[in-house]
Amino acid sequence: MKANVLTVTDGRTDKTYVLPIDAGTIRAMELRQMKEGAEDFGLMTYDPAFMNTASCKSSITYIDGDKGILRYRGYPIEELAEKCTFLEVAYLLLNGELPTDNQLKEWQNEVKHHTMLHETTKKFLEGFRYDAHPMGMFVSTVAALSTVYPEARNVLDAENRRRQIVRLIGKVPTIAAYTYRHSKGLPYVYPDDDLNYTGNFMNMLWRMVEPKYAAHPVMARALSVLFILHADHEQNCSTNTMRAVGSSQADPYLSVAAAAAALSGPLHGGANEAVLRMLDQIGTKENIPAYIEQVKAGKLKLMGFGHRVYKNYDPRARIIKWAADQVFRVTGRNPRLDMALELEKIALEDEYFIKRKLYPNVDFYSGIIYQAMGFSPDMFTVLFAIPRTVGWLAHWDELMRDTEQKIARPRQIYTGVMERHLPANRPAIQASAAV
Ligand code: SDX
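So, how was this worked out
Residues numbered from 1 in each chain as written. Predicted model: local features only at pLDDT ≥ 70, side-chain atom pairs only at ≥ 80, totals over all residues. Heavy atoms only, no water. Helix = DSSP H or I, 4+ residues; strand = E, 2+ residues; numbered from the N terminus. Rg over C-alpha atoms; globule rule 2.2 N^0.38 Å. Buried < 20%, exposed > 50% of the residue type's maximum accessible area, 1.4 Å probe, protein only. Contact = heavy atoms within 4.5 Å. Areas by Shrake-Rupley, 256 points an atom, 1.4 Å probe, with all protein chains shown as cover. Lys, Arg positive; Asp, Glu negative; His and termini not counted. Charge placed at Lys NZ, Arg CZ, Asp CG, Glu CD. Axes fitted to C-alpha atoms, helices over the stretch in contact; angles between N-to-C directions. Parallel < 35°, antiparallel > 145°, perpendicular 65-115°, else oblique. Domains from an automatic or database assignment. Phe/Tyr/Trp six-rings, centres within 6.5 Å; stacked < 30°, edge-to-face > 60°. Lys NZ or Arg CZ within 6 Å of the ring centre and 35° of its normal.

A. Spotlight on the overall build of the protein. In terms of regular secondary structure, the protein is built from 17 helices and 5 strands. The C-alpha atoms of the protein give a radius of gyration of 25 Å, which matches the 22 Å a tight globule of 435 residues would have. Projecting the C-alpha coordinates of the protein onto the three principal axes gives extents of approximately 75 × 60 × 55 Å. Buried residues in the protein amount to 47% of all 435 residues. Of the contacts made within the protein by residues no fewer than 6 positions apart, 70% connect residues no fewer than 24 positions apart. Total accessible area on the protein stands at roughly 22,600 Å², and carbon and sulfur atoms take up 54% of it. Charge-centre separation for the protein: the mean point of 52 positive side chains lies 2 Å from the mean point of 50 negative side chains.

In structure tokens:
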């Protein structure tokens, strides 16, 4: 009868240890008993970038990278994108179940009640240069909300956490829209409670002098699908950041700001902006082979391709292609799409990408849709941060409820000089006004 254990023998001592295997893992702390002598600290694991380390137990999102599977609370992403609204999916991620009709109505009203920003926030935004990057403004403004809601520090109170969660989900579209309006030199547009989550966001972005903004239904639905696809993705870099900062019991506004800062990197959520800049740099289909050669020579990365977990097609990229078709029927075909399709075709037939299992990820096509909708590339990662705020908060709440979790504080392998001393004849510094 096979036992669910790992038996290891330490060659330094010839001692054998039997470690229990739980959910395909062994507990790293089990290694600490493996010592060379009584003074020895014991063994650790060394895992740069956490390539093979589970940092938590979570029931929110499941990914199978080899099969290209993504499920939120067990529901396939394809079904949620087709049959749910973004706020329904947000409720699911936060509460573990889809809302009943009554729960949804209550949830929608609660979120709508928190779309306004404290007026001082507008003055805060005025401090940014006209050409400030929207992600810098978004991160800073979310962090500034921690000064408006000091009670948010009471992170151990579940009811207080829930109040801040609703506030953040209600306010991040308003902050995002205000950063956009600031960068265009346009007056801010207040939220309109008659509109749904994405419709109101579009209202705050694009209403000009018309008394009432009417979002194009196809665009509003496409944006809602994009929000659903970007809502969560288990322990990605920015969610890991949310958990690490949250583990010190920092308030959720500062934790979300930190997570958004992590998302802004071009290897993560900043990739959608980088894809558009890459396509602009390539310029024409004729230039694609030369660009691919530079990628294969290791000089450039093919932005929007590859993934730490997906070694198959990112299921979100397939759905985004569907959304792109819907949007382009309204806006007209974005010429960048033909370039992207040609780039994908060439790459998927090339041994360099096949061998490394590099497929288009969620960022490869999303920017092309956003551009067709009228967004400038520097807004793309802000559009990623809005829905991902739900995922960050769901993981934060799960962390705060996890009795096993403590402040995140990894170890290291020290490679520096072990000990040395200053010259014995060097005098002590005396108290003085001089430096
Ligand atoms: C997101 O984690 C998530 O879940 C993230 C995300 C989410 O929803 O939160 O899915 C969102 O961040 C998607 C990824 C967006 N980033 C990009 O599109 C940037 C381009 N992609 C790469 O930088 C890269 O693929 C990563 C960062 C996404 C993943 O990198 P890994 O897992 O660390 O892989 P690696 O860098 O070790 O690459 C393995 C090999 C290397 O080649 P060799 O050294 O073996 O010769 O593949 C090569 C890499 O050079 N490679 C690429 C490549 N990605 C990997 N080569 C060219 N172009 C690329 N895009």
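B. Geometry of the packing of helix 14 (residues 335–348) against helix 16 (residues 362–373). At a minimum axis separation of 10 Å, helix 14 and helix 16 run at an interaxial angle of 170 degrees. Taken together, the axes of helix 14 and helix 16 are roughly antiparallel relative to one another. Between helix 14, through R336, L337, A340, L341, L343 and E344, and helix 16, the contact on the second element is made entirely by F364, Y365, I368 and Q371.

C. Looking closely at the domain arrangement of the protein. Each domain of the protein was delimited in the assignment, giving domain 1 (5–46) and domain 2 (74–408). Between the C-alpha centres of domain 1 and domain 2 there is a distance of 41 Å.

D. A look at the side chain of N334. Tracing the sequence through the fold places N334 in the loop between helix 13 (315–331) and helix 14. Among the residues examined, N334 registers a relative accessible area of 7% and is labelled buried. If sequence neighbours within four positions are ignored, N334 has contacts with F328, I368, Q371 and A372.

E. Spotlight on the packing of aromatic side chains. Applying the stated criterion across every chain yields a total of 16 aromatic pairs. Relative to Y365, the ring of F364 lies with its centre 4.8 Å away and its plane at 80 degrees, an arrangement referred to as edge-to-face. Exposure class is identical for F364 and Y365. Each is buried. Consider the rings of Y370 and F380, whose centres lie 5.7 Å apart with planes at 45 degrees: the pair is tilted. Residue Y370 is located in helix 16, and its partner F380 is located in helix 17 (residues 380–401); the two are separated by 10 residues in the primary sequence. There is no split in this pair, since Y370 and F380 are both buried. Among the aromatic residues, ring-to-ring pairing joins Y180, W206, Y370, F375 and F380 into one connected group. Lying over the aromatic face of F41, R32 brings its terminal NZ or CZ to 3.8 Å of the ring centre. Over the ring of Y352 we find R356; its NZ or CZ atom is 3.7 Å from the centre of that ring.

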